[in-house]
Amino acid sequence: MSDQGERARAAAVFDALGADYEKAFAHSEAHRASLAWLLEQLAPGSRVLDVGSGTGRPTAATLAAAGHHVLGLDVSPVMVDLASRQVPDAEFRCADVREEPLAEAGFDAACVYFSLLQMSRADQTSVVRRVARAVAPGGSVVLATVPLGVEDVEGVFMGQAVRVTSFDAPDFTGMAAGAGLAVVSQETLMFTPDHPEGAPEPHLFLHCRRP
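Residues numbered from 1 in each chain as written. Predicted model: local features only at pLDDT ≥ 70, side-chain atom pairs only at ≥ 80, totals over all residues. Heavy atoms only, no water.

J.: Summarise the overall build of the protein; cite the residues concerned and give the values.
T.: Scanning the protein from terminus to terminus reveals 7 helices and 9 strands. Going through the 211 residues of the protein one by one, you find that 52% of them count as buried. Counting contacts in the protein only where the partners sit at least 6 residues apart, residues at least 24 apart contribute 69% of the total. (Helix = DSSP H or I, 4+ residues; strand = E, 2+ residues; numbered from the N terminus. Buried < 20%, exposed > 50% of the residue type's maximum accessible area, 1.4 Å probe, protein only. Contact = heavy atoms within 4.5 Å.)

J.: Hey, could you go over the nonpolar core for me, with residue numbers and the actual values?
T.: If you look at the biggest cluster of nonpolar residues, it comprises 31 residues, and the most contacted ones within it are Leu-38, Leu-63, Phe-92, Cys-111, Tyr-113 and Phe-114. Residue contributions to this core peak at 4 residues, all from helix H3 (residues 29–41). Discounting chain neighbours no more than four positions away, the residues touching Phe-114 are Tyr-21, Ala-144, Thr-145, Val-146, His-203 and Phe-205. (Core = buried A, V, L, I, M, F, W, Y, C linked by side-chain atoms within 4.5 Å.)

J.: Can you lay out the packing of aromatic side chains for me, pointing to particular residues and giving the numbers?
T.: One pass over the structure, following the stated rule, counts 4 aromatic pairs. Relative to Phe-191, the ring of Phe-25 lies with its centre 5.5 Å away and its plane at 20°, an arrangement referred to as stacked. A residue pair is termed long-range when its members are at least 10 positions apart, and Phe-25 in helix H2 (residues 19–25) and Phe-191 in strand E8 (residues 182–191) qualify at 166 residues. According to the relative accessible area criterion, Phe-25 is buried, its value standing at 12%. (Phe/Tyr/Trp six-rings, centres within 6.5 Å; stacked < 30°, edge-to-face > 60°.)

J.: Quick one: what's the story with the environment of Ser-185, residue by residue and with numbers?
T.: Residue position: Ser-185 is located in strand E8. Take Ser-185: its relative accessible area is 28%, and that puts it in the partly exposed class. Measuring from C-alpha to C-alpha, the distance between Ser-185 and Leu-206 comes to 6.1 Å, with 21 residues separating the pair along the chain. Non-local contacts of Ser-185, meaning those with residues more than four positions away in its chain, are made with Phe-205, Leu-206 and His-207.

J.: How would you summarise the pattern of salt bridges if you had to cite specific residues and measurements?
T.: Overall, the coordinates contain 10 salt bridges when judged by the stated rule. A salt bridge links Glu-151 to Arg-121; the shortest N-O distance between them is 3.7 Å. Note that Glu-151 is positioned in the loop between strand E5 (135–145) and strand E6 (153–157) and Arg-121 in helix H6 (residues 121–134), a separation of 30 residues in sequence. Taking relative accessible area as the criterion, Glu-151 reaches 52% and is therefore assigned exposed. Overall, Arg-121 belongs to the partly exposed group, its relative accessible area being 26%. Put simply, Glu-154 and Arg-163 hold a salt bridge, and the shortest N to O gap is 2.7 Å. Glu-154 gets classed as exposed once you look at its relative accessible area, which sits at 61%. The exposure class assigned to Arg-163 is partly exposed, which follows from its relative accessible area of 24%. (Salt bridge = Lys/Arg side-chain N within 4 Å of Asp/Glu carboxyl O.)

J.: Break down the pairing of strand E2 (residues 69–74) for me, with residues and values.
T.: Counting buried positions over the 6 residues of E2 gives 5, a clear majority of the element. Note: strand E1 (residues 47–51) against E2, 5 bridges, orientation parallel. Across the sheet, the residue bridging to Val-51 is Leu-73, located in E2. In this fold, the crossover linking E1 to E2 by way of helix H4 (residues 59–65) has right-handed handedness. The β-α-β motif built from E2, the intervening helix H5 (residues 77–86) and the parallel element strand E3 (residues 91–94) has right-handed crossover chirality. (Pairing = 2+ DSSP bridges. Right-handed = clockwise from strand over helix to strand, strands pointing away.)

J.: Break down the environment of Val-128 for me, citing the residues and quoting the values.
T.: You can see Val-128 is positioned in helix H6. For the pair Val-128 and Ala-176, spaced 48 residues apart in the sequence, the C-alpha separation amounts to 6.9 Å. Not counting residues within four places of it along the chain, the set of residues in contact with Val-128 comprises Leu-116, Leu-143, Met-175, Ala-176, Ala-179 and Leu-181.

J.: Give a description of unusual backbone geometry that names residues and reports values.
T.: Note the cis peptide between Arg-57 and Pro-58, where omega equals 10°. With respect to the helices, strands and loops of the structure, Pro-58 is situated in the loop between E1 and H4. A positive phi angle, near 60°, is found at Phe-114, a position not held by glycine. You can call Phe-114 buried: its relative accessible area is 13%. The backbone of Asp-152 sits at a positive phi, close to 50°, despite the residue not being glycine. Here Asp-152 is to be found in the loop between E5 and E6. Judged by relative accessible area, Asp-152 falls into the partly exposed class, the value being 40%.

Below, the structure is given as structure tokens:
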């Protein structure tokens, strides 16, 4: 499927989920611990890119509350509208990270929490390379995914039909290293979204630095 088709499909899913997505994942202690790690790396007033910013919470809200300048990108107009209202101190754009101009070393850090799963493996690899280049040397990059090792598999996510592609954990870590990132730490755990149709899923968090 083309990038445009993937983008439209992803936008439709998350337009439909809206605030329910935030509620389902709000109790993720691992996500909040990952954000705490990122905050420890940041100098005051850092510029942070949030790829797949969703409703803006908890990621952009946490970073903006700490005084950082956040740019969130998301393909879902509904999510961008929610985020703009919920986190007015951050900037949000309805945009595809595959197409949005990103200046070389234009950010001090970047985070990509679970926003690659409806892209092909080639696009996921390309996006992580783009994001790595957009972060200044010495900056931090956080990547999170569901490491299932599947490609274009049909499924149901919180009641929405989806097609999912992901790397397994070793290949995802290798992909990050291939993008020029040094993996500082990682965590793998099981998480169950707080939703009537939520099912346990593995989560992988990579905390990286651009050398």
